[in-house]
Amino acid sequence: MTTSGHADSGDPIARVQRELVTLGRRGTARVRREDEVLSVVDRSLLTYIEDHPGCRAVDIATHFQLNRSTVSRQLGALLDHGYVAAEEEQPGGPRGIALRLTEAGSAAYQTSSRAVMDSVARRLEGWSHADLEAFARMLERYNSPSDE
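Described in the following lines is the structure provided in the data block.

What counts and what doesn't
- Residues numbered from 1 in each chain as written.
- Predicted model: local features only at pLDDT ≥ 70, side-chain atom pairs only at ≥ 80, totals over all residues.
- Heavy atoms only, no water.
- Axes fitted to C-alpha atoms, helices over the stretch in contact; angles between N-to-C directions.
- Helix = DSSP H or I, 4+ residues; strand = E, 2+ residues; numbered from the N terminus.
- Parallel < 35°, antiparallel > 145°, perpendicular 65-115°, else oblique.
- Left-handed = near helix turned anticlockwise from the far one by under 90°.
- Contact = heavy atoms within 4.5 Å.
- Nonpolar A, V, L, I, M, F, W, Y, C, P; charged D, E, K, R; others polar.
- Buried < 20%, exposed > 50% of the residue type's maximum accessible area, 1.4 Å probe, protein only.
- Core = buried A, V, L, I, M, F, W, Y, C linked by side-chain atoms within 4.5 Å.
- Salt bridge = Lys/Arg side-chain N within 4 Å of Asp/Glu carboxyl O.

1. A few points about the packing of helix α2 (residues 40-51) against helix α5 (residues 103-123)
Now for step 1: Where α2 contacts α5, the axes come no closer than 10 Å and their chain directions differ by 115°. Between α2 and α5, the interaxial angle falls into the category roughly perpendicular. The interaxial crossing formed by α2 with α5 has left-handed handedness. Along the contact surface, α2 presents Arg43, Leu46, Thr47 and Glu50, while α5 presents Gly105, Ser106, Tyr109, Gln110, Ser112, Ser113 and Val116.
Now for step 2: Of the residues that constitute the contact of α2 with α5, the class distribution is three nonpolar, six polar and two charged.

Dropping the structure here:
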């Protein structure tokens with residue numbers, strides 16, 4: 001740290017952290033600016049449920065490293081909007097409600113996904129295939145499970 005309290009611009013960890021904050025803020029601002037139906041949080045939950053049909057709130061909480069009550073509250077809003085529903089049969093028994101996207105949830109997810117992909121594609125215009133592959137691998141590595 002410098003004497004002014006700001007991270008040293010030469011510190012790569014500080015630079016990564018700063019860029020991740022900017023990425024998150026821009027994603028939130030884009031949602032507001034484009035008047036999206038789904039927030040970044042909503043979209044992250046729907047993405048997880050889409051990729052893991054039959055998952056439970058505890059699975060989502062574990063994946064995102066969040067408190068179960070936080071995820072339950074967030075899922076409550078998606079249930080209220082009719083984007084998520086409980087599976088008819090729950091093979092997991094009383095350990096939690098298996099979740100699935102509804103038709104409305106799938107439609108909102110698809111619309112939001114297209115808008116986000118278009119936005120990401122615009123930001124990455126002009127990048128070489130090799131740069132895109134390297135960036136994707138680094139993000140996957142960064143987001144892979146670790147011993148935190």
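2. A short note on the environment of Ala77
Now for step 1: With respect to the helices and strands, Ala77 occurs in helix α4 (residues 68-80).
Now for step 2: With a relative accessible area of 31%, Ala77 lands in the partly exposed category.
Now for step 3: Linking Ala77 and Asp42, residues 35 residues apart in sequence, is a C-alpha distance of 8.7 Å.

3. Re the nonpolar core
Now for step 1: Counting 18 residues, the largest nonpolar core has Leu46, Ile49, Ile60, Leu75, Leu78, Tyr83 and Val84 as its most contacted members.
Now for step 2: Counting only elements with at least two residues in this core, the list comes to α2, α3 (57-64), α4, β2 (99-101) and α5.
Now for step 3: Ranked by residue count, the leading element in this core is α2, at four residues.
Now for step 4: Contacts of Leu75, omitting those with residues within four sequence positions, involve Leu45, Ile49, Ala57, Ile60 and Leu99.

4. Considering the pattern of salt bridges
Now for step 1: Within this structure, the stated rule accounts for two salt bridges.
Now for step 2: Among the salt bridges present, the one from Asp59 reaches Arg56, with a minimum N-O distance of 3.0 Å.
Now for step 3: Here Arg137 ties to Glu133 by a salt bridge, and the two come within 3.9 Å at their closest N and O atoms. Here Arg137 and its partner Glu133 are both found in helix α6 (residues 129-143), four residues apart, which amounts to about one turn of the helix.

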